[in-house]
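Below are the chains, spelled out letter by letter.
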Amino acid sequence: MRAVIQRVSEASCRVEGSITGQIGVGFMVLLGVEDADTDDDLQWLAQKITGLRVFSDENGLMNKALADVGGDILLISQFTLFAQTKKGNRPSFIRAARPDKAIPMYEQMIRTLETITSKKIATGIFGADMKVNLVNDGPVTITIDTKVRE
């Protein structure tokens, strides 16, 4: 799994003009799933996302996690995170999981994050043409790949 986590002061997702998910302070997370992903990848990533200490404390240092600031999560499925661009100019998405694998993993990530945070997770709609708006706070943007656990 790959995730792009952006610390935001606000974020929202629209599909066909209607808001499907909206948050204030928190994380806007783009999530990509590949065929090799397992439940272990999902659990590890969910813990990483919710545990990231990238919110400012009283001294202006990034020492607070999502729960410390009462933050929310907007989770967006993003198969293009597995784009391969080595050959030519048209990206290949062969490593991205097909919907029969990706949808259940995406839905499980929603449930897992809701369990960890005890909050409703805002979302887009899997496979839809989504319009995502956000105000990146900082900017703070972190990428995580479960196959490269640094």
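Attention in this report is confined to the structure presented alongside it. (Residues numbered from 1 in each chain as written. Predicted model: local features only at pLDDT ≥ 70, side-chain atom pairs only at ≥ 80, totals over all residues. Heavy atoms only, no water.)

Evaluation of the coordinates by the stated rule reveals 3 aromatic pairs. Ring centres of Phe27 and Phe55 lie 5.2 Å apart, and the angle between their planes is 35°; this geometry places the pair in the tilted category. Linking Phe27 in strand β3 (residues 26-32) with Phe55 in strand β4 (residues 55-56), this pair joins segments that are 28 residues apart in sequence. Overall, Phe27 belongs to the buried group, its relative accessible area being 0%. Taking the centre distance of 6.0 Å and the plane angle of 50° together, the rings of Tyr106 and Phe126 count as tilted. Taken together, the residues Tyr106 in helix α2 (residues 99-117) and Phe126 in the loop between β7 (122-123) and β8 (130-145) connect sequence positions 20 residues apart. The class of Tyr106 is buried, set by a relative accessible area of 5%. In this structure Phe126 comes out as partly exposed when scored by relative accessible area, which is 29%. (Phe/Tyr/Trp six-rings, centres within 6.5 Å; stacked < 30°, edge-to-face > 60°. Helix = DSSP H or I, 4+ residues; strand = E, 2+ residues; numbered from the N terminus. Buried < 20%, exposed > 50% of the residue type's maximum accessible area, 1.4 Å probe, protein only.)

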